[in-house]
There are 4 protein chains.
Amino acid sequence: MSSLIPTSTVAEHADRDSCWIIVHSKVYDVTEFLDEHPGGSKIILKYAGKDATEAYEPIHPPNAILDNLPIEKHIGSVDPNTVVKVVKEITEEDKRRQALMDARPPLDEILNLHDFEAPKTVLTPKAWAYYSSASDDEITIRENRAAFQRVWFRPRILRDVTSVDWSTNILGCKSSLPVYISATALGKLGHPDGELNLTRAAAKHGIIQMIPTLASCSFDEIVDAAQPNQPLFLQLYVNKDREITKKYVQHAEKRGVRALFITVDAPQLGRREKDMRMKFVDDGAGAKVQEGQKDVKKDQGVARAISSFIDPSLSWKDIPWFRSITNMHIILKGVSTPEDAVLAYEAGCQGIVLSNHGGRQLDTARSGLENLIDIVAALKTKGPWPNPNFSVFVDGGVRRASDVLKAIALGASAVGIGRGFLYAFSSYGQEGVERAFDILRDEFEMNMRLLGARNIREVVPDMVDASALSAHAGLTPTDNLFNTTYQPLGLAQFKNAKL
Amino acid sequence: MSSLIPTSTVAEHADRDSCWIIVHSKVYDVTEFLDEHPGGSKIILKYAGKDATEAYEPIHPPNAILDNLPIEKHIGSVDPNTVVKVVKEITEEDKRRQALMDARPPLDEILNLHDFEAPKTVLTPKAWAYYSSASDDEITIRENRAAFQRVWFRPRILRDVTSVDWSTNILGCKSSLPVYISATALGKLGHPDGELNLTRAAAKHGIIQMIPTLASCSFDEIVDAAQPNQPLFLQLYVNKDREITKKYVQHAEKRGVRALFITVDAPQLGRREKDMRMKFVDDGAGAKVQEGQKDVKKDQGVARAISSFIDPSLSWKDIPWFRSITNMHIILKGVSTPEDAVLAYEAGCQGIVLSNHGGRQLDTARSGLENLIDIVAALKTKGPWPNPNFSVFVDGGVRRASDVLKAIALGASAVGIGRGFLYAFSSYGQEGVERAFDILRDEFEMNMRLLGARNIREVVPDMVDASALSAHAGLTPTDNLFNTTYQPLGLAQFKNAKL
Amino acid sequence: MSSLIPTSTVAEHADRDSCWIIVHSKVYDVTEFLDEHPGGSKIILKYAGKDATEAYEPIHPPNAILDNLPIEKHIGSVDPNTVVKVVKEITEEDKRRQALMDARPPLDEILNLHDFEAPKTVLTPKAWAYYSSASDDEITIRENRAAFQRVWFRPRILRDVTSVDWSTNILGCKSSLPVYISATALGKLGHPDGELNLTRAAAKHGIIQMIPTLASCSFDEIVDAAQPNQPLFLQLYVNKDREITKKYVQHAEKRGVRALFITVDAPQLGRREKDMRMKFVDDGAGAKVQEGQKDVKKDQGVARAISSFIDPSLSWKDIPWFRSITNMHIILKGVSTPEDAVLAYEAGCQGIVLSNHGGRQLDTARSGLENLIDIVAALKTKGPWPNPNFSVFVDGGVRRASDVLKAIALGASAVGIGRGFLYAFSSYGQEGVERAFDILRDEFEMNMRLLGARNIREVVPDMVDASALSAHAGLTPTDNLFNTTYQPLGLAQFKNAKL
Amino acid sequence: MSSLIPTSTVAEHADRDSCWIIVHSKVYDVTEFLDEHPGGSKIILKYAGKDATEAYEPIHPPNAILDNLPIEKHIGSVDPNTVVKVVKEITEEDKRRQALMDARPPLDEILNLHDFEAPKTVLTPKAWAYYSSASDDEITIRENRAAFQRVWFRPRILRDVTSVDWSTNILGCKSSLPVYISATALGKLGHPDGELNLTRAAAKHGIIQMIPTLASCSFDEIVDAAQPNQPLFLQLYVNKDREITKKYVQHAEKRGVRALFITVDAPQLGRREKDMRMKFVDDGAGAKVQEGQKDVKKDQGVARAISSFIDPSLSWKDIPWFRSITNMHIILKGVSTPEDAVLAYEAGCQGIVLSNHGGRQLDTARSGLENLIDIVAALKTKGPWPNPNFSVFVDGGVRRASDVLKAIALGASAVGIGRGFLYAFSSYGQEGVERAFDILRDEFEMNMRLLGARNIREVVPDMVDASALSAHAGLTPTDNLFNTTYQPLGLAQFKNAKL
């Protein structure tokens, strides 16, 4: 079917009985796919007989149609002569967001990584829901942050801290900060340049980016955007079809990627309710209680929609196979227990990431920082420490250089930051990411001086008090009656109520 | 007195001196009962000389009049020819609730068990008060929930979790989830079909329902609604008149009930203030401080009104008697200490439920989950573990499959859920309960995969960190003055205040 | 000076240079006392040359003028023939409070002791400030309450609890509850009958009242209001002039008081800021920063104003002297440490009250309940336990029978309640206090049944888990930036925003 | 260039190309300094060609221009004849603040040190930002306060506390309170008399002031304002140019300063975001995201702007040099660990201040109070205790005399208060500081009596329970869904909603 298809022909297939859509100038027959679409049929039907590219683009990885629609449903290419250039209508929502963009805080008023979330309203609701959501009650995502604040500093004084050096070496690659960019999916939801913002900023600042399997930009686009010899890591979701995975991994190695971070905490993606709720917003407020229709999986959200290929059978038995197909460092991302840390070490991996996937997988899982204590203790019984052949990384909840230093004091080699940089480019593009690096650099300089550590090796266990780290106490529930009757103390009052 | 009574005759007995009412077409003389009515005389007098069925129905168990009014006050049957079909007036409140029902979130937008409470406004205030209330300061009801969130997961990785199986066997009955429906009273307060919603949904999903003594539907109605061989349990409040209890238990066994859960934490029902306060709403805002009238027990609430038959003398001495009248499994529901757990084991019971009655009895009692630790430890010293002849169940505060898995990891055989399903059918009938099962099923699949457990037996103690479970710390009370003067940090500001 | 003084003569002394006032038909020259008045001169000057009885009455103990004004300033009696009966003007404030009184919740809607504080607005601001205030940051007053909620129950089951008995014996006196009325000052601030409300209610319910030194009613008025043989205790502030104290104590013994509770935690009354701030309200909003006037002690509040006679030199050396002047039981009220508990025991006292004066003295002192643990342990090393000759009482923060049972389980003989009863009569007079007793009785019945204790002796240490009692943790201060960016999870939404 | 310069000439240099300003009647060419100005160029350009004295004065230490502007840019003196006395325009903001000043609570209504912050609105936003800010997430500043409230009192009874004495000796100087005035910078931001308010109040009350290096008033102004023999301490930031430091220290010694407190926790000043954000307020809301301009360090805030001279190379090697240049006591201010405390002792210092710089340096550093426990334990192993030759001080978070007593009980010699006195004079000048002393005196009298300590030596470790001091627990994050559905208990309701 090589002849070009006029848009008028496409327009004839505009309902549930026969539904064609155009994406990137190709015509697809999605009639039979309507009920399978993880995002629901409604959103497709909105574009039935029309060009869906703009809606499709940011929330699907590059090969989504290829992976999900049989080749016989690829009808052909649209006839460009029939395409009427549509002047995109500017909606009220577009105007609102543009006004917000114009009113963003100037970049030099962004003083910390939290500030990049201040302009969260510049994100589309869908992007915000996808990026910010975590699983179940979102306990772990908050615990990740809180854990750092239960570790307290024991700073040393009167050391000559004229020059302090926070650069380090991560898996053989030089890094200007003891921090790498952790993989997060679907960057184009936040910014048209998607993950390239990170690649370009990382190049300028000597930072290592971990490329996500579920990037909005294709792997090669990202590598092409990198500078020669710019170190890159690759995050891997393992496909049920191992040949696809093998091809992907070996292609990455050939293109110079230095280390392979195999995600092991996601045999199935978590239920992220904020993300799932977005579905219903798209479907409009008119939806009704539809009895008997409950088998339609309407509630999957973006996360699950894009992840059906991930293989839940992945197991320790697969590690030797990975070793056989690549010479890259192999790191397991998502380890939580000393038992598994030791297994990873014994399986010949080069490291592990203590991670709970940013709180997006198993809720009420402990934080990576808390797990670090037990895991370092277990690894010390198995080999030298620090172990030149086995690195321990931590991610989750990091917002400050002081967080990073705490993890390092407790034994981490470096720390991954995901959402922090994601929000940075969503709000300010590449410059936002660079500003984030600058802020961290300033914070490292200050904190290391104040801590009395002149380089990363001097950040030692004695510099922190982690005794409260496991004290994630629950409270006695509030005594509402007493609190209602108790009248809080107040300050002295001004004499003029109008002031 | 077999002749039919015309409604006009009934209408002649319409005041405190002579008060007749009609319930389910029978005429009763309640004149002398007015002051004994646990719900107060006012509400009866409102229907003096009239048909009270509609008000009576949802808040009285089927045999309430039979149990409380001497037979000589049963005047006879109303003459149906004299009954004028009243067109029920639709009140503003009815309209408001109907509008709420119409606007309920569609069932597929209900993503978790909490969501069934979102439409709590569709309940009548009386139903909400009765269902949601707990005793005294409602500390324990909240602690029940909080306890689960003080247990943290230690998930294992790289196990082949392609297929995971969360079904189990509860007291010899197959269950598609490691969860049973715990008994809750007065289902018709929430939905006209009452407990039958549960029976029907349980049948379709392979779940076991525990029938409450204080159901709105009669025991036989419920059993009749069940499918052949559908496993059912029975919750028992023991009557002061043991013959009534014996008849009830033996009838249940004959009808195929598999296990008897004797409630042992309710020699007297708790004071539930939300429920008690509803009394005064019914009595109108015109009530005055009535001096000298304080012996009228106006403040009992629904809970105490329906429970006066319960025997506070029930003791360990009664257990052999139960053993003698039935071959059903005997389970003690409401055990809190290792001492009593061992006594139950030694008394030949088949199991115990670690429960505090959903926080409705002794306030500031510890949660079942916390008690589980000590109790399992004690039982291990008495026999094999897990013990095929003695099961430990937990209920209270369960909202997520992850809660269930934590209890199982710590030694529970299965977990009971009461309010969760109660709210599900109150808002959405049988379909709501089925949706609840679906949600739990999805959560079990996800959580077990993420935990690395392929079946219930693989959910082991090492998978949880319960070290913070007993850390129900109180706080240093807030420093109100400092908090008043302290100005919290803010984020970077947008430049246009109007945004 | 025995001739009667006409009011016209009094009216001539109406300014700072010569200031007379009438109180209870006596004329006093307070000119020189103006600057010494702990309540400030302004409030006196308001009544200069006039009758001040109504303002004076509720906030001064009966002998206040006698104690503070030299006899030569007692001018004489007012000539009754010259007194014009003034029709008391009803102010807006009076009307507001009367409307509140009329709208009070009916007494049978008062379900717990907290509810007596619901109508706190019926109190005058001065009364509320005096009664509710505590010292410094009011940490201890709240800790007193919170401490009870850090002790958890371990209820026993299957004991025949048909009849439960919560009566006990306190220092040889029968008490219908394991509770006594602790002394609180200035009852007339709350209700015109002051402490007599307590005396009368106690008589009817078999409760023991502790008479406060600083009662609004005189000691004899209270004893006169008691029934024959009604047991009474006496709380004692020791006067710098021991003869006054001796006379007072021996008079009390002669009138049949059973035990003497010597306050030992108040060598100086605490700074209670809510109370102190009331001064400025009285002085009007027009007050200015008065430079150079700072030696005028304007900020003492009611509490300090009435307590200047208390002897800060009171010490262990005085105990034998007390033993020598009375045969009443001697109890030290306000013990906080095992060291002092043992000293009291060795000094031959008959008991101690673990109390911090309701949080009104040393702030951030530990709660009596927490101190109970250490103190009981120390006393056990000194003699039999329970010790028939030495009782340990606790007060502070008690609102529920369950609180009392926790203290008893941990070793207390009985528990004192002060504010609870004070608010009860302030809002509802004697009937309020009786209602409070009824509520406690109901709560004891329920809690003892649910706990499995048939009498006070069966309330044993094993029934509570006090392991969290000392866990008064502070928090990691809130992460305001994270909390600002974190968007809390919400429930499913109704479809119609107007609902 | 000694001839006088007319203002008209200055006015010709009024833009970025040539920018002159007048400060204290001197003319400076700041053209080349514009981009280096830590406060940004914009604020200078506002005064280009004009007199900037009023804006300059409060936020620059006396020698700021001298230190930063090369001598050749000092153009000369302005011709006084050309200066037109400008009638200062009274802005709306001036009026608002004046109205606030007029409405301040009268000084005798200030009951505690917090109250001095009630009128914080009388401060300029810049002053408030500079004074109140702390570093990063401001965790430590709040922890400093909270730590005191995790230490609980164990008061002793029945000691004759007629006379209590809270005076003490600090480094050989008599002090009427166990408290000294800790150094805080830039006093004129808060009050035109700046630090002199402290000097004068200290003189009247027998309190010791620590003079800050970064005072708004010059060192000599302060010493000149002191009374003969009024003891003074000196806080020292060590200059990169040691000769400047030597001159400063030796001058101080010559002028009679008793002890030198060398700040050792500030090799670089902390990032204080509230302070930093003030920059943008000054620059106006019109600022835009200025691409490519990110190297302009606009975000330094006042703190960093004034501190560039501080030497980050200061180390233990410098201590002997200090010993060689002065005979004053040498105290290290900012010690946090037992290791460093012992090093200080062994280096021959006379004491240490356990301080985290009021939370303004390393955030999540532990509080001085918490460090006190370990540090006293370590020092006890090195010499006699208390050690007459080595004093331990604490500062940070102190608001109450009870806080001071806790520190003393745990081993401190005395306690420093900074912000408390700073706010006192900012709101009320010298009289405010005196009122603060009075309040503390009252609190010491009360607390020592209630504690049973007659003098500072009797304030012993047994009087406090510090077991919860290290329990800075984190919480299980809130369960937002449960909290949304849970309906808090309420009190009994009044019958008339209008009340």
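Labelled according to an unreviewed UniProt entry, chain A appears under the name L-lactate dehydrogenase (cytochrome), originating from Agrocybe chaxingu. Under the UniProt heading Subunit (unreviewed entry), the note attached to chain A is "Homotetramer." Listed under Catalytic activity (unreviewed entry) in UniProt, the entry text for chain A is "(S)-lactate + 2 Fe(III)-[cytochrome c] = 2 Fe(II)-[cytochrome c] + pyruvate + 2 H(+)".

## Things to note about the relation of the copies chain C and chain A
With an RMSD of 0.2 Å, the operation that places chain C on chain A is a rotation of 180° combined with a shift of 0.1 Å along the axis. Both chain copies can therefore be described as sitting about a two-fold axis. Minimal C-alpha distance to the rotation axis in chain C is attained by A473 of chain C, lying at 4.5 Å. With an isologous cut-off of 70% or more, the 100% of interface residues of chain C that recur at the interface of chain A puts this contact in the isologous class.

## Observations regarding the interface of chain C and chain A
Bring the parts together and some accessible area is lost; that lost area is often taken as the interface size. Between chain C and chain A, the contact holds 25 residues from the first and 25 residues from the second. In terms of residue class, the side of chain C that touches chain A is made up of seven nonpolar, seven polar and 11 charged.

## Re the sheet that holds strand β3 (residues 26-29) of chain C
Residues and elements named next belong to chain C. Reading across the sheet, the four strands line up as β1-β2-β3-β4 and stay open at both edges, with antiparallel pairing between neighbours. Only two strands of the sheet have a single neighbouring strand rather than two, namely β1 (14-15) and β4 (74-77). Here β3 runs beside β4; their pairing, made up of three bridges, is antiparallel. Bridging from a neighbouring strand, K26 pairs with S77 of β4.

## Side note on the interface of chain B and chain A
Of the residues lining the interface, 54 residues belong to chain B; the matching set on chain A comes to 59 residues. Secondary-structure elements contributing two or more residues to the side of chain B that touches chain A are α7 (139-148), β5 (152-153), α17 (419-451), β17 (472-475) and α18 (480-485) of chain B. Counting residues per element, the side of chain B that touches chain A draws most heavily on α17 of chain B, at nine residues. Across the side of chain B that touches chain A, the residue classes tally to 23 nonpolar, 12 polar and 19 charged. Sheet analysis places strand β18 (residues 472-475) of chain A next to β17 of chain B, joined by two bridges and oriented parallel. In the strand pairing of β17 of chain B, G474 of chain A is matched with H472 of chain B.

## Regarding helix α8 (residues 196-205) of chain C
Residue and element names in this part refer to chain C. Across the 10 residues that make up α8, a large majority, seven, are buried. Every buried residue of α8 is listed here: L196, N197, L198, T199, R200, A201 and A202. Along its buried surface, α8 packs onto β8 (179-181), β9 (208-211), α9 (219-225) and α17 (419-451). Downstream of α8 by a residue or two, G206 has a phi angle that is positive, lying close to 70°.

## Focus: the relation of the copies chain B and chain A
If you rotate chain B by 90° and push it 0.0 Å along the axis, it lands on chain A with an RMSD of 0.1 Å. In short, the pair behaves as if placed about a four-fold rotation axis. The position closest to the rotation axis in chain B is occupied by the C-alpha of A473 of chain B, lying 4.5 Å away.

## As for the packing of helix α8 (residues 196-205) of chain A against helix α17 (residues 419-451) of chain A
Residues and elements named next belong to chain A. Look at α8 against α17: their axes get within 8 Å of each other, and the N-to-C directions meet at 10°. With respect to their mutual orientation, α8 and α17 come out roughly parallel. Between α8 and α17, the contacting residues are N197, L198, R200, A201, K204 and H205 on the first element and F421, F425, G429, Q430, V433, E434 and F437 on the second. For the contact of α8 with α17, a count of residues per class yields six nonpolar, four polar and three charged.

## Description of the sheet that holds strand β9 (residues 179-181) of chain A
Residue and element names in this part refer to chain A. Ordered in space as β9-β10-β11-β12-β13-β14-β15-β16, the eight strands form a closed barrel in which the pairing is parallel. On average, adjacent strands in this sheet sit at an angle of 30° to one another, irrespective of strand direction. Of the pairings in the sheet, the one linking β9 to strand β16 (residues 414-417) comprises three bridges and is parallel in character. Each bridged residue has a counterpart across the sheet, and for Y180 the counterpart in β16 is G416. Contacts from α8 reach β9 and β10 (208-211), with the element oriented near 155° to β10.

## Looking at helix α14 (residues 338-346) of chain D
Residue and element names in this part refer to chain D. All of the buried residues along α14 are D340, A341, A344 and Y345. Down the axis of α14, the buried set is contained in an arc of 145°. They therefore lie on one face. Check the buried side of α14 and you find it contacts β12 (329-335), β13 (351-354) and α15 (368-380). Just downstream of α14, G348 is the residue with a positive phi angle, here 85°.

## Describing the environment of A407 of chain B
Residue and element names in this part refer to chain B. Along the chain, the position of A407 falls in helix α16 (residues 401-409). Taking the C-beta count within 10 Å as the criterion, A407 has 28 such neighbours and is therefore assigned buried. Expressed as a C-alpha distance, the spacing of A407 and Q268, which sit 139 residues apart in the sequence, is 28 Å. The contacts of A407, once residues within four sequence positions are left out, are L369, L372, V394, A412 and V415.

## Considerations on the pairing of strand β2 (residues 18-23) of chain D
Residue and element names in this part refer to chain D. Along β2, five of the six residues are buried, which leaves the element largely enclosed by surrounding structure. The sheet contact formed by strand β1 (residues 14-15) and β2 spans two bridges and is antiparallel. Note that in β2 the partner of A14 across the bridge is C19. The antiparallel pairing of β1 with β2 creates a hairpin that spans two residues between the two strands. Sheet topology note: the β2/strand β3 (residues 26-29) ladder contains four bridges and is antiparallel. Bridged to I21 within β3 is Y28. Between the end of β2 and the start of β3, which pair antiparallel, lie two residues, with H24 showing a positive phi angle near 50°.

Parameters at a glance
Residues numbered from 1 in each chain as written. Chains lettered and ligands numbered in written order. Predicted model: local features only at pLDDT ≥ 70, side-chain atom pairs only at ≥ 80, totals over all residues. UniProt positions renumbered as here; feature names shortened; annotations may be inferred. Least-squares fit on C-alpha atoms with pLDDT ≥ 70 in both. Contact = placed C-beta atoms within 7 Å. Nonpolar A, V, L, I, M, F, W, Y, C, P; charged D, E, K, R; others polar. Pairing = 2+ DSSP bridges. Helix = DSSP H or I, 4+ residues; strand = E, 2+ residues; numbered from the N terminus. Buried ≥ 20, exposed ≤ 12 C-beta atoms within 10 Å, placed from the backbone. Axes fitted to C-alpha atoms, helices over the stretch in contact; angles between N-to-C directions. Parallel < 35°, antiparallel > 145°, perpendicular 65-115°, else oblique. Arc of directions from axis to C-beta.

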